[in-house]
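Residue-level structure breakdown
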Amino acid sequence: TAHLRVTFSNCNPAETARASPLLVGRMNSLRRIATPAAKSAVRRFSSPAPASGLMKLNFNLPQQTLFDSTEVSSVVVPGAMGEYEVTADHVPIVAELKAGMLTVKHGGGEEEKYFVPGGFSLTHEGSTTDIVCPEAVKVDDLDVSAVTANYEAAKSRAASAEAGSADAAEAMIEVEVNRAMGGALGLSLA
């Protein structure tokens, strides 16, 4: 039996790309064997939002903490299965993140936008969400010309790599990450 091991300190994009289908397969297996009573037992609806309407956010990178129990209005998360917004008293959820823009909305209507290459989001009962990513960069700090150049270079590497090789997989990951960065900047990279 294969064991899935994911650590953030030594995340290898090629290993992560291979591990994700395994994780999905395991989740589907669990869903098939769970009894109907067990399935319904974990489905909960959120209760009304707390009077403040705020939630707590913990946003961590291996080298620093960006938010530590910070009260915010909501967080828009680039989930691997689709983008979603977490608000106060959201239903608990665990999600893998894909490369994309993560938006933190503060109480006064201000927004902070970060580009993340992936990671995980865990929303707990009690209006707390933990986000863990290997890296995060404020979208305002991204350089349009560097993203475009990196995208073109990755496309070239992907085209010249041997099909099915580790080099091809790594180049395709770079293509997708740079395409997502371009999308966060409003670019249409094709």
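First, a word on scope: everything that follows refers to the structure included in this document. Model, not experiment: these values are computed from the prediction.

**A word on the overall build of the protein chain**
- Regarding its fold elements, the protein chain presents 4 helices and 10 strands.
- Mapped in sequence order, the helices and strands of the protein chain form the string α-α-β-β-β-β-β-β-β-β-β-β-α-α.
- Counting only residues that meet the buried cut, the protein chain has 30% of its 190 residues in that class.
- Contacts in the protein chain between residues far apart in sequence, at least 24 positions, make up 52% of those at least 6 positions apart.
- Of the accessible surface of the protein chain, which amounts to about 11300 Å², a share of 54% is contributed by carbon and sulfur atoms.

**Re the side chain of Ser121**
- Along the chain, the position of Ser121 falls in strand S8 (residues 119-124).
- Excluding its chain neighbours within four sequence positions, the residues that come into contact with Ser121 are Val77, Tyr84, Ile93, Val94, Ala95, Leu97, Thr129, Asp130 and Ile131.

**Thoughts on the pattern of salt bridges**
- Taken as a whole, this structure holds 6 salt bridges when the rule is applied.
- With a shortest N-O distance of 3.4 Å, Lys105 and Glu85 are connected by a salt bridge. Here Glu85 lies in strand S4 (residues 82-87) and Lys105 lies in strand S6 (residues 100-105), a separation of 20 residues in the sequence.
- Given a relative accessible area of 24%, Lys105 falls into the partly exposed group.
- Note on Glu85: relative accessible area 37%, which makes it partly exposed.
- With a shortest N-O distance of 2.7 Å, Arg179 and Glu176 are connected by a salt bridge. Note that Arg179 and Glu176 are positioned in helix H4 (residues 166-184) at a spacing of 3 residues, about one turn of the helix.
- Judged by relative accessible area, which is 39%, Glu176 ranks as partly exposed.

Thresholds applied
- Residues numbered from 1 in each chain as written.
- Predicted model: local features only at pLDDT ≥ 70, side-chain atom pairs only at ≥ 80, totals over all residues.
- Heavy atoms only, no water.
- Helix = DSSP H or I, 4+ residues; strand = E, 2+ residues; numbered from the N terminus.
- Buried < 20%, exposed > 50% of the residue type's maximum accessible area, 1.4 Å probe, protein only.
- Contact = heavy atoms within 4.5 Å.
- Areas by Shrake-Rupley, 256 points an atom, 1.4 Å probe, with all protein chains shown as cover.
- Salt bridge = Lys/Arg side-chain N within 4 Å of Asp/Glu carboxyl O.

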